[in-house]
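Chains, contacts and geometry: an overview
Residues per chain are reported as follows:
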Amino acid sequence: MRGSLFCLFVLALAGFAQYHGKTLIAHRGASAYAPENTLPAYRLAMEQGADYVEQDLQITKDGILVCLHDLTLERTTDVQRVFPDRYRTEERGGKAARHWYVSDFTLAEIKRLDAGSWMDAKFAGTRIPTWQEAIDEIRGKAGLYPETKAPEVYGSRGFDMEKLVLDQLRKNGLDKPGAEPKTPVIIQSFSEASLRKMGEMGCRLPRLFLFGERDKQKWLSRQAIERVKEFAVGIGPEKTIVRANPEIVQWAHDAGLSVTVYTLNSADPGGFPDVAQEAAFYLYKLGVDALFTNNPDRFPRRPM
Ligand code: G3P
Ligand code: CA
């Protein structure tokens, strides 16, 4: 009797060891329910149990890091109404398009924009947060997961995004692994050069290398994945890459790299009945370690 109880205990422990430790990253906050990359979305993500809250970073004309996914303001704010003449015209595919770039506006100007109404009238008046405001909101309650967005574009405009990010972390006492156990920090980027540069600048924080369908060919071999170890501690492939090439998980794990897929979203659960079942597939069938999701409340902490 005692023996079988002990066996049950060991099995339960093994089950816990196998399934605990999957990491939930709220993609742009709880962005299925509140405007992406705003304080309401970040707060909701933490209420829904996110381990980390993601911030996409852009830079204002006066050199302030703000949280926004796009380089331009028109998709998620009323910039066209507030600043109708402040656009750049760009030609693409023979068509001219107007764009209102973050880096053409000061922080004071950006703070005049409504970043909530595009999603729902109930979010009217929501502002684009500075990264500092996001840090103040999140620290002590969840981890930070900043992404250096288009660092090369900002470099061409005279900004050093990596320096801004690392300086701000230093100012907050968050620049070293374990500095604040309740506020772990992981830096992510699609730019290998950006991640390498931060390493060369002395950054010891964990870094995640993102890649998508567009540039996957370069990374679909065991040798290529092993090379990521030079500049990151994990890979962050688009989920469809992992679904089509599940062996990539083992390659990464063999190389000592974690695997974090993006992006799980209830609006498009990839052919699964719902986003929770899709997430369970990646976490427990394919064995990924973490995922970015717009729906933190649907993250399965156990196999379904
Ligand atoms: O950073 C992970 C995921 O967010 C990458 O895609 O375009 O939403 O930043 P994106
Ligand atoms: Ca992102």
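It should be noted that the structure appears before, not after, this text.
Model, not experiment: these values are computed from the prediction.

Calculation rules
- Here the residue numbering is sequential within each chain, running from 1 through the sequence in written order.
- As a convention, the first chain written is A and the first ligand written is 1, with the rest following in written order.
- Note on the predicted model: pLDDT of at least 70 is required for a residue's local features to be given, and 80 or more for side-chain atom pairs to be given and counted; whole-chain, interface and lining totals, by contrast, use all residues.
- Heavy atoms from the whole structure form the basis of all side-chain values; hydrogens and water molecules are not counted.
- A helix here means a DSSP run of H or I that spans at least four residues, while a strand means a run of E at least two residues long, and both kinds are numbered starting from the N terminus.
- This radius of gyration counts C-alpha atoms alone. The globule rule is 2.2 Å times how many residues there are, raised to the power 0.38.
- Each residue gets one of three labels from its accessible area relative to the maximum for its type: buried under 20%, exposed over 50%, partly exposed in between, using a 1.4 Å probe on protein chains only.
- Areas reported here follow the Shrake-Rupley algorithm with a probe of radius 1.4 Å; residue values treat only the protein chains shown as occluding.
- Only four residue types enter the tally: Lys and Arg on the positive side, Asp and Glu on the negative side, with His and both chain ends excluded.
- Charge positions come from single atoms, namely NZ of Lys, CZ of Arg, CG of Asp or CD of Glu.
- Residues adjacent in sequence count toward polar contacts only when both atoms are side-chain atoms; beyond that, a polar contact is any pair of N or O atoms within 3.5 Å, and within protein one must be able to donate a hydrogen and the other to accept it.
- Geometry of aromatic contacts follows a simple scheme: Phe, Tyr and Trp rings, the Trp one being its six-membered ring, pair when their centres are within 6.5 Å, and the pair is stacked under 30 degrees between planes, edge-to-face over 60, tilted otherwise.
- A ring is considered to have a charge above it if a Lys NZ or an Arg CZ atom is located within 6 Å of its centre and within 35 degrees of its normal.

1. Quick notes on the overall build of the protein chain
- The number of helices and strands found in the protein chain is twelve helices and eleven strands.
- Here the C-alpha radius of gyration of the protein chain, 20 Å, is about what a compact globule of 304 residues would show, namely 19 Å.
- Considering the protein chain as a whole, with its 304 residues, one finds that 52% of them fall into the buried category.
- Carbon and sulfur atoms make up 54% of the accessible area of the protein chain, which totals about 14,100 Å².
- In the protein chain, which carries 41 positive and 40 negative side-chain charges, the distance between the mean positions of the two groups comes to 2 Å.

2. Some remarks on the side chain of Lys 149
- Tracing the backbone shows Lys 149 in the loop between strand E6 (143-148) and helix H6 (151-156).
- Relative accessible area serves as the criterion here: at 11%, Lys 149 is assigned to the buried category.
- A polar atom in the side chain of Lys 149 sits 2.8 Å from the side chain of Glu 147.

3. Describing the packing of aromatic side chains
- Inspection of the entire model under this criterion finds twelve aromatic pairs.
- Judged by centre distance (5.3 Å) and plane angle (75 degrees), the ring pair of Tyr 52 and Tyr 145 falls under edge-to-face. Taken together, the residues span a long stretch of sequence, with Tyr 52 in strand E2 (residues 52-59) and Tyr 145 in strand E6 at a distance of 93 residues. With respect to burial, Tyr 52 and Tyr 145 carry one shared label: buried.
- What links up through ring pairs into an aromatic cluster is the set Phe 209, Phe 211, Trp 219 and Phe 231.
- Its end group placed over the ring of Tyr 101, Arg 88 keeps NZ or CZ at 5.5 Å from the ring centre.
- One cation-aromatic arrangement involves Arg 157 over Tyr 101; the distance from NZ or CZ to the ring centre is 4.4 Å.

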